[in-house]
Amino acid sequence: MRTREGAGMQERQWITARRSELCTLAEELTKQLQEVQAERDELAIAERVLNRLAEQVQADAEAVAPVTAQVAGRAVLFIPHRSAPPAATTSSPPTCGPPGLVP
């Protein structure tokens, strides 16, 4: 009988040790899963930011895209009207030709 009890004791020790290993593994996997989920959430945020930036770039490109129209059967580009002259032209305009002549 002693061999049966000894064998049963070894099996119980093995089961206890294995259960401990599995608990440790479960804790490690839980931690790893949390890290993966956090990284996935960060990537989702980054993707939304990139989508918004791409939409903004596309909207900016459409805003400055040339507008064409037909005038007398020919395609022409509209040139937007400037509301204020550039700062460099607010000073006296450059003169052309000999001094004293008004262009």
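Just above, that's the structure.
The sections below set out a description of the structure shown in this document.

Side note on the overall build of the chain
Logical step 1: The number of helices and strands found in the chain is one helix and two strands.
Logical step 2: Beginning at the N terminus, the succession of helices and strands in the chain can be written as α-β-β.
Logical step 3: Total accessible area computed for the chain in this model is approximately 10,200 Å², and 60% of it derives from carbon and sulfur atoms.

Quick word on the pairing of strand S1 (residues 67-71)
Logical step 1: Examined bridge by bridge, S1 and strand S2 (residues 74-78) share five bridges and lie antiparallel to one another. By the bridge assignment for S2, Val71 is matched with Arg74.
Logical step 2: In textbook terms, the turn of a hairpin is the stretch between consecutive antiparallel strands, and for S1 and S2 this stretch comprises two residues, one of which, Ala72, has a positive phi near 50°.

Digging into unusual backbone geometry
With glycine set apart, most residues show a phi of negative sign, and most peptide bonds adopt trans.
Logical step 1: At Ala72, a position not held by glycine, the phi torsion is positive, near 50°.
Logical step 2: Here Ala72 shows up in the loop between S1 and S2.
Logical step 3: On the accessibility criterion, Ala72 (79% relative accessible area) is exposed.

Definitions and limits used
- Residues numbered from 1 in each chain as written.
- Predicted model: local features only at pLDDT ≥ 70, side-chain atom pairs only at ≥ 80, totals over all residues.
- Heavy atoms only, no water.
- Helix = DSSP H or I, 4+ residues; strand = E, 2+ residues; numbered from the N terminus.
- Areas by Shrake-Rupley, 256 points an atom, 1.4 Å probe, with all protein chains shown as cover.
- Pairing = 2+ DSSP bridges.
- Buried < 20%, exposed > 50% of the residue type's maximum accessible area, 1.4 Å probe, protein only.

Nothing here speaks to function; it is all geometry.
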